[in-house]
Amino acid sequence: MPVLEIKARAKLNLTLDVLGRRPDGFHDLRMVMQSVELCDTIRLETGTGRPLRMTSNLGFLPCNEKNLAAAAALRLMEAVGADCGGLAIDLKKRVPVCAGMAGGSADAAAVLRGLNALLGLGLSRERLEEIGAQVGSDVPYCVRGGTVLAEGRGERLTDLPCLPECHAVLCKPGFSISTPELFGRIDAVRLRCRPDTAGLLSALRAGDLSGVARRMYNVFENVLPPRRGAEVTAIKRVLIQHGALGASMSGTGPTVFGLFDSREAAQRAYAELRENHRESFLTEIAGPEQL
Ligand code: C5P
């Protein structure tokens, strides 16, 4: 039976700005997204002759349509009216869950790209992104990958020059905050500090890594409860002390990351953070997904 194994890469937000609340309850965003090599692995098998079956290495994850990977498969089949004669999805999760790194959206995007290839559907990347938008706001970006400006709900994508080669140290503190709650907190305040997205885009065009890293900023850091904010600040301090060119929180958090031009410095930051934070990673920047 046809089988394909595919990577589902995590993303970082180099910037995240919330422009306002929309009539549909979502928010207009402006974000510079970057994919990294840290990834989940998804094994797809079609023609199993049985209804959709999903398994995962994490017992607490749902293995039905509540999981974005399964939801994406069902949405794709519905959209193209295809029947793959039974499907099995096996998910090996490495990207932290509920961490602001679009792990679930990356899984969904990988299923869309994988089934498109496995079943020879011949759908364009744009069509896959459209279908992805019906599964979750970050899925269109995850279909594409690389360095991208995402606007609107997250579905309006503009390719950007690749981030210059660098190393990323990621650290997820031991708390989680619900995404809707954080958006609610943003609605309740007047943001005084916003990312310099235009400046960051100019630095990207100039291939100026420290210019990019210096301008990384996420408005959600403004609205974390004070103790949580202090944890994020403490992790950023460790990253900067070890030579990170810049550090920020990703998505709605709580993962914090730093960018380094030196592998040795990144290794030292990673070693220190790992002592207190189990979910710490040293990874590399990734380019656009190859369909
Ligand atoms: O689309 P997704 O399911 O990933 O969104 C999760 C939640 O994040 C939404 O229910 C909404 O509260 C919030 N969200 C938003 N505006 C966006 C994206 C997400 O308000 N552009």
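Residues numbered from 1 in each chain as written. Predicted model: local features only at pLDDT ≥ 70, side-chain atom pairs only at ≥ 80, totals over all residues. Heavy atoms only, no water.

Okay, unusual backbone geometry next. Between Gly253 and the following residue, Pro254, the backbone shows a cis peptide bond with an omega angle of 5°. With respect to the element layout, Pro254 can be found in the loop between β9 (246–249) and β10 (256–260). The residue Cys98 is not glycine, and still its phi comes out positive at about 50°. Within the secondary structure, Cys98 is located in the loop between β4 (87–92) and α2 (103–118). The exposure class assigned to Cys98 is exposed, which follows from its relative accessible area of 60%. Unusually for a residue other than glycine, Ala102 sits at a positive phi of about 60°. As for its placement among the helices and strands, Ala102 is situated in the loop between β4 and α2. (Helix = DSSP H or I, 4+ residues; strand = E, 2+ residues; numbered from the N terminus. Buried < 20%, exposed > 50% of the residue type's maximum accessible area, 1.4 Å probe, protein only.)

Since the α-helix advances by 3.6 residues per turn, residues separated by three or four positions end up pointing in the same direction. By the burial criterion, the buried members of helix α5 (residues 179–187) are Leu182, Phe183 and Ile186. All buried residues of α5 fall inside an arc of 100° around its axis, so they share one side. Where α5 is buried, its residues contact β1 (3–21) and β2 (27–46). The N-cap of α5, judged by a side-chain oxygen 3.1 Å from the amide nitrogen of Glu181 a few residues on, is Ser178. (Arc of directions from axis to C-beta. Contact = heavy atoms within 4.5 Å. Polar contact = N/O pair within 3.5 Å; in protein donor to acceptor, adjacent residues only side chain to side chain.)

Take the pairing of β4 next. Two faces make up the sheet, and in a regular strand the side chains alternate between them. Here six bridges tie β2 to β4, and the two strands are oriented antiparallel to one another. Looking across to β4, one finds that Thr46 is bridged to Leu87. Taken together, the four bridges between strand β3 (residues 53–56) and β4 define a ladder with parallel strand orientation. Opposite Ser56, over in β4, you have Leu91 as the bridge partner. Crossover β3 to β4 through helix α1 (residues 68–80) is left-handed. (Pairing = 2+ DSSP bridges. Right-handed = clockwise from strand over helix to strand, strands pointing away.)

Our next topic: the nonpolar core. The tendency in soluble globular proteins is for nonpolar side chains to be buried as a group. Ranked by internal contacts, the top residues of the largest apolar core, which has 69 residues, are Val111, Phe220 and Leu239. Not counting residues up to four positions away in its chain, the partners in contact with Phe220 are Leu16, Val18, Leu182, Phe183, Ile186, Met249, Gly251 and Thr252. Residues Val36, Ala99, Leu149 and Leu201 belong to the second largest nonpolar core, which totals 27 residues. (Core = buried A, V, L, I, M, F, W, Y, C linked by side-chain atoms within 4.5 Å.)

For the rest of this paragraph, the subject is empty space enclosed by the protein. One pass over the full model with this rule turns up one cavity of 30 Å³ or more. Taken as a whole, the largest cavity holds about 50 Å³ of empty space. Along its surface, the largest cavity is lined by Ala8, Arg9, Ala10, Lys11, Ser35, Ala106, Arg113, Tyr141, Cys142, Gly145 and Glu289. When residues of the lining of the largest cavity are traced back to their parent elements, those giving at least two are β1, α2 and α4 (139–144). Here the residues of the lining of the largest cavity are counted per class, giving five nonpolar, two polar and four charged. (1 Å grid on protein atoms, 1.4 Å probe; cavity = no way out; pocket = protein on both sides within 12 Å on 5 of 7 lines; lining within 4 Å. Points joined across faces, edges and corners; volume = space filled by probe spheres on them. Nonpolar A, V, L, I, M, F, W, Y, C, P; charged D, E, K, R; others polar.)

Counted by the stated rule, this structure contains 25 salt bridges. Note that Asp107 is salt-bridged to Lys93, the shortest N-O span being 2.7 Å. Remark: Lys93 occurs in the loop between β4 and α2 and Asp107 occurs in helix α2; sequence separation between them is 14 residues. Pair check on accessibility: Asp107 and Lys93 agree, each one buried. Bridged by salt links that share partners, the residues Arg125, Glu126, Glu129, Arg144 and Asp159 form one connected network. (Salt bridge = Lys/Arg side-chain N within 4 Å of Asp/Glu carboxyl O.)

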